[in-house]
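Structural overview for review
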Amino acid sequence: MTSQEIYTKLKDKFGDPILSFQEAVADSFIFIAPEAIADVARYLAEDSALAFDSLMCLSGVDLGAKESDFEVVYHLFSMTYRHNIVLKVVLPKEDSQVPTVEHIWKTANWHEREAYDLYGIVFEEHSDLRRILMPDDWDGHPLRKDYKDPEFYRGMRVPY
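1. Topic: the nonpolar core
- Formed by 35 residues in total, the largest nonpolar core has its most connected members in Ile-30, Ile-32, Leu-44, Tyr-74, Leu-76, Leu-87 and Val-101.
- Where this core is concerned, the elements lending two or more residues are α1 (3-14), β1 (18-22), β2 (29-32), α2 (37-46), β3 (54-62), β4 (69-77), β5 (84-92) and α3 (108-119).
- If you tally residues by element for this core, the top one is α2, at 5 residues.
- Leaving out residues up to four positions away in the same chain, Ile-32 has contacts with Pro-17, Ile-18, Leu-19, Ile-37, Val-40, Leu-87, Lys-88 and Val-89.

2. A look at the packing of aromatic side chains
- Across all of its chains, the model carries 5 aromatic pairs by this definition.
- When the centroid spacing of 5.6 Å and the interplanar angle of 80° are considered together, the rings of Phe-14 and Tyr-43 count as edge-to-face. Remark: Tyr-43 occurs in helix α2 and Phe-14 occurs in helix α1; sequence separation between them is 29 residues.
- Its relative accessible area of 16% is what places Tyr-43 among the buried residues.
- For the cation-ring pair, Lys-88 lies above Phe-29, with the distance from its terminal atom to the ring centre recorded as 3.8 Å.

3. Quick word on a negative patch on the surface
- Taken together, the side chains of Glu-94, Asp-95, Glu-124, Glu-125 and Asp-146 define an acidic patch exposed on the protein surface.
- For Glu-125, the location among the structural elements is in the loop between β7 (122-124) and β8 (152-153).

4. A short note on the pairing of β5
- Alignment of β2 against β5, held across 3 bridges, turns out to be parallel. Considered in β5, the bridge of Phe-31 is made with Lys-88.
- Here 9 bridges tie β4 to β5, and the two strands are oriented antiparallel to one another. Bridging across to β5, Asp-69 finds its partner in Pro-92.
- Here β4 hands over to β5 after 6 residues, with Arg-82 in that stretch at a positive phi of 60°.

5. Notes on the sheet that holds β4
- Strand order across the open sheet formed by 5 strands is β1-β2-β5-β4-β3, with mixed pairing between neighbours. A single partner strand is all that each edge strand has here, and the edge strands are β1 and β3. Averaged over all neighbouring strand pairs, the angle between strand axes comes to 20°, with direction disregarded.
- Contacting β1, β2, β4 and β5, α2 crosses the sheet at an angle of about 170° to β5.

6. Overview of the environment of Trp-138
- With respect to the helices, strands and loops of the structure, Trp-138 is situated in the loop between β7 and β8.
- The exposure class assigned to Trp-138 is buried, which follows from its relative accessible area of 14%.
- The residues contacting Trp-138, other than those within four sequence positions of it, are Arg-131, Tyr-147, Pro-150, Tyr-153 and Val-158.

The rules behind each value
- Throughout, residues of each chain are indexed from 1 in the direction in which the sequence is written.
- Totals for whole chains, interfaces and linings use all residues, but because this is a predicted model, local features are given only for residues with pLDDT of at least 70 and pairs of side-chain atoms are given and counted only at 80 or more.
- Note that water and hydrogens are dropped before the side-chain values are worked out from all heavy atoms of the structure.
- We call a set of buried residues a nonpolar core when its members are Ala, Val, Leu, Ile, Met, Phe, Trp, Tyr or Cys and they connect through side-chain atoms within 4.5 Å of each other.
- Summary of the burial criterion: residues with accessible area below 20% of their type's maximum are buried, those above 50% are exposed, and those between are partly exposed, where the area comes from a 1.4 Å probe applied to protein chains only.
- Starting at the N terminus, helices and strands are each numbered in turn, a helix being any DSSP run of H or I of at least four residues and a strand any DSSP run of E of at least two.
- The contact criterion used is simple: two residues touch if any of their non-hydrogen atoms lie within 4.5 Å.
- Planes of paired rings set the category: under 30 degrees apart is stacked, over 60 is edge-to-face and the rest tilted, where pairs are Phe, Tyr or Trp rings (Trp by its six-membered ring) whose centres lie within 6.5 Å.
- Each ring is checked for a lysine NZ or an arginine CZ that lies within 6 Å of its centre and within 35 degrees of its normal; such an atom marks a charge sitting over the ring.
- Residues with no salt bridge and a relative accessible area higher than 30% make up the patches, which join like charges within 9 Å and nonpolar side chains (Val, Leu, Ile, Met, Phe, Trp, Tyr) within 5 Å.
- The method behind every accessible area is Shrake-Rupley, applied with a 1.4 Å probe, and residues are considered shielded solely by the protein chains displayed.
- Counted as salt bridges are all cases of a side-chain nitrogen of Lys or Arg within 4 Å of a carboxyl oxygen of Asp or Glu.
- Under the counting rule used here, the positive set is Lys and Arg, the negative set is Asp and Glu, and His together with the chain ends is not counted.
- By convention, charge coordinates are those of NZ in Lys, CZ in Arg, CG in Asp, or CD in Glu.
- Two strands are counted as paired when DSSP detects at least two bridges linking them.
- Helix axes are fitted only over the stretch in contact, all axes being lines through C-alpha atoms; the angle between N-to-C directions runs from 0 to 180 degrees.

Set out below in structure tokens:
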């Protein structure tokens, strides 16, 4: 199934929460309303004509100083049909929250924790949302474009 066909199928099923489709040279993508991502993801995984059984990657993206938004990007693949799709959700940097998809694809557990740790994106109803790369007491989220390195951490100069 092509990316355009997947978009059309989602638009027919969900309507307005399927915001737009963007054709791209490498991977075409579909923008989804944040509140609908878990329902859309479940449908993509459970519908027998789609069978997206693999979340290959989930990434946070800071769109930069000019933008006030984050993106969460979901790369999905179907082992059965050998097709893929990319979903994107846009979130405000202030109070950035999106439903978890960990109950659909178990690998989302670590991917979502990484996005939480490095960007501060909160995945609602995640089973264990805590830092995964940075120390538990680290202040801030180091992949944000506006992040400033602390001068010291536990008495050590940063960066050393």
